[in-house]
Amino acid sequence: MGIENKLVILASGRGSNFAAIANAIADGSIPNARIIALISNNADAGAIGIAKRLGIAVRIIHSKNFRQSGQFDRIGYEKELSAVLKELQPNWILLAGYMLILGKEIIQQWANKIVNIHPSLLPAFRGLRAQKQAIEAGVSKSGCTVHFVTEELDDGPIIAQNTVEVLGTDTEETLSQRLLPIEHHTYVEAVSKLCSRSCVIRNGCVEWLA
Ligand code: GAR
């Protein structure tokens, strides 16, 4: 039995990736791990109900309180987020449908500890609505990527990727639906590796140690 990894999940919405990770810890597919808190910027996030049902602590930092006449006070918001993370001291911070962009202070403070899932095969289709971008580009394959978070949006060393076929008949909704279980499996695979093996980042790539 290795040392327990303390995980903090950041989610803004539905929370299906969060649920997949929680279930995988419960059934032993992710070893040596415990989710110590869910942090959400959105009080209406489905992820909050999932956390409550699972008895996982919830911390809400309302992003809407930091929005004034269309401007988002990222520095104020991240000061609060930073204080919560400092108190929790996680080994890994997992973004699971977290729809705010993290600023460089937090990314630097938690360098190589923040992980994200993105619904495309990065470096293709960064940013919002990646599945729609894939359809519009006419690609025959897309997928999802779990990666370390760096200061560039949807960039950073890749931990795991898996593909999905894009059909001629696909809409953004059908492709997203078919990709979702692949995302769950990919995130579980990545977190399981992070919790049971060591890695280093060399030349922007993840290298797994024996
Ligand atoms: C997932 O498809 C995830 O890849 C995407 O949001 C969805 C969250 O679903 N994340 C991004 O687009 C981040 N750029 P979930 O709340 O059910 O896990």
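**Let's talk about the overall build of the chain**
Turning to step 1, where the next piece is worked out: Across its full length, the chain carries six helices and eleven strands.
Turning to step 2, where the next piece is worked out: The C-alpha radius of gyration computed for the chain amounts to 17 Å, which stays within 12% of the reference 17 Å derived for 210 residues, consistent with globular compactness.
Turning to step 3, where the next piece is worked out: If one aligns the C-alpha atoms of the chain with their principal axes, the spans along those axes are about 50 × 50 × 40 Å.
Turning to step 4, where the next piece is worked out: Within the chain, the proportion of its 210 residues that are buried is 47%.
Turning to step 5, where the next piece is worked out: Carbon together with sulfur atoms contributes 51% to the accessible area of the chain, which is approximately 10,700 Å² in total.
Turning to step 6, where the next piece is worked out: Averaging the locations of the 21 positively and 20 negatively charged side chains of the chain gives two centres separated by 4 Å.

**Details of the packing of aromatic side chains**
Turning to step 1, where the next piece is worked out: Per the counting criterion, the structure on display carries three aromatic pairs.
Turning to step 2, where the next piece is worked out: With a centroid separation of 5.6 Å and an interplanar angle of 50°, the aromatic rings of F72 and Y77 are classed as tilted.
Turning to step 3, where the next piece is worked out: Taking the relative accessible area as the measure of exposure, Y77 reaches 1% and is therefore buried.
Turning to step 4, where the next piece is worked out: A ring pair is formed by W92 and F148, whose centres lie 6.3 Å apart and whose planes are at 40°; its orientation type is tilted.

**Structural notes on the packing of helix α1 (residues 16-26) against helix α2 (residues 46-54)**
Turning to step 1, where the next piece is worked out: At a minimum axis separation of 9 Å, α1 and α2 run at an interaxial angle of 20°. Here α1 lies roughly parallel to α2, going by the angle between them. The hand of the α1/α2 crossing is right-handed. Across the interface between the two elements, F18, A19 and A22 from α1 touch A47, I50, A51 and L54 from α2.
Turning to step 2, where the next piece is worked out: Residues of the contact of α1 with α2, tallied by class, amount to seven nonpolar, no polar and no charged.

**Quick word on the site of the ligand**
Turning to step 1, where the next piece is worked out: Taken together, R14, G15, S16, N17, G97, M99, I117, H118, P119 and E183 make up the full set of residues near the ligand.
Turning to step 2, where the next piece is worked out: At 2.7 Å, a side-chain N or O of E183 approaches an oxygen atom of the ligand.
Turning to step 3, where the next piece is worked out: For the ligand, the accessible surface in isolation is 450 Å², of which the surrounding protein chains cover 87%.
Turning to step 4, where the next piece is worked out: Put simply, the ligand lies in the largest pocket.
Turning to step 5, where the next piece is worked out: Those elements that provide at least two residues to the shell around the ligand are α1 and β7 (114-118).
Turning to step 6, where the next piece is worked out: Of the residues contributing to the shell around the ligand, the split by class is three nonpolar, five polar and two charged.

**Notes on the pattern of salt bridges**
Turning to step 1, where the next piece is worked out: Evaluated as defined, the whole model comprises seven salt bridges.
Turning to step 2, where the next piece is worked out: The residue E4 makes a salt bridge to R34 at a minimum N-O spacing of 3.1 Å. Linking E4 in the segment before β1 (5-10) with R34 in strand β2 (residues 33-40), this pair joins segments that are 30 residues apart in sequence.
Turning to step 3, where the next piece is worked out: For E4, a relative accessible area of 39% puts it in the partly exposed group.
Turning to step 4, where the next piece is worked out: Linking R129 and E172 is a salt bridge whose minimum nitrogen-to-oxygen distance equals 2.7 Å. One end of the pair, R129, is in the loop between β7 and α5 (130-137); the other, E172, is in helix α6 (residues 172-196), with 43 residues separating them in the sequence.
Turning to step 5, where the next piece is worked out: Judged by its relative accessible area of 17%, E172 is buried.

**Quick look at the sheet that holds strand β8 (residues 141-148)**
Adjacent strands of a sheet pair through backbone hydrogen bonds, lying either parallel or antiparallel.
Turning to step 1, where the next piece is worked out: If you walk across this open sheet you meet the seven strands as β3-β2-β1-β6-β7-β8-β9, and the pairing is mixed. The sheet is open, and its two edges are formed by β3 (58-60) and β9 (158-165), each paired on a single side. Pairwise comparison of adjacent strand axes, ignoring direction, gives a mean angle of 20° for this sheet.
Turning to step 2, where the next piece is worked out: Bridge analysis of β2 against β3 gives three bridges, and the strand direction is parallel. Its bridge partner being in β3, S40 is matched across the sheet by I60.

**Some details on helix α3 (residues 74-88)**
Turning to step 1, where the next piece is worked out: The end-to-end C-alpha distance of α3 is 21 Å, a good match for the 21 Å that 15 residues give at a rise of 1.5 Å each.
Turning to step 2, where the next piece is worked out: Just past α3, the residue Q89 takes up positive phi, approximately 50°.

Conventions adopted
- Residues numbered from 1 in each chain as written.
- Predicted model: local features only at pLDDT ≥ 70, side-chain atom pairs only at ≥ 80, totals over all residues.
- Heavy atoms only, no water.
- Helix = DSSP H or I, 4+ residues; strand = E, 2+ residues; numbered from the N terminus.
- Rg over C-alpha atoms; globule rule 2.2 N^0.38 Å.
- Buried < 20%, exposed > 50% of the residue type's maximum accessible area, 1.4 Å probe, protein only.
- Areas by Shrake-Rupley, 256 points an atom, 1.4 Å probe, with all protein chains shown as cover.
- Lys, Arg positive; Asp, Glu negative; His and termini not counted.
- Charge placed at Lys NZ, Arg CZ, Asp CG, Glu CD.
- Phe/Tyr/Trp six-rings, centres within 6.5 Å; stacked < 30°, edge-to-face > 60°.
- Axes fitted to C-alpha atoms, helices over the stretch in contact; angles between N-to-C directions.
- Parallel < 35°, antiparallel > 145°, perpendicular 65-115°, else oblique.
- Left-handed = near helix turned anticlockwise from the far one by under 90°.
- Contact = heavy atoms within 4.5 Å.
- Nonpolar A, V, L, I, M, F, W, Y, C, P; charged D, E, K, R; others polar.
- Near = heavy atom within 4 Å.
- Polar contact = N/O pair within 3.5 Å; in protein donor to acceptor, adjacent residues only side chain to side chain.
- 1 Å grid on protein atoms, 1.4 Å probe; cavity = no way out; pocket = protein on both sides within 12 Å on 5 of 7 lines; lining within 4 Å.
- Sits in = over half its atoms within 2 Å of the grid points.
- Salt bridge = Lys/Arg side-chain N within 4 Å of Asp/Glu carboxyl O.
- Pairing = 2+ DSSP bridges.
- Expected span 1.5 Å × (residues − 1).

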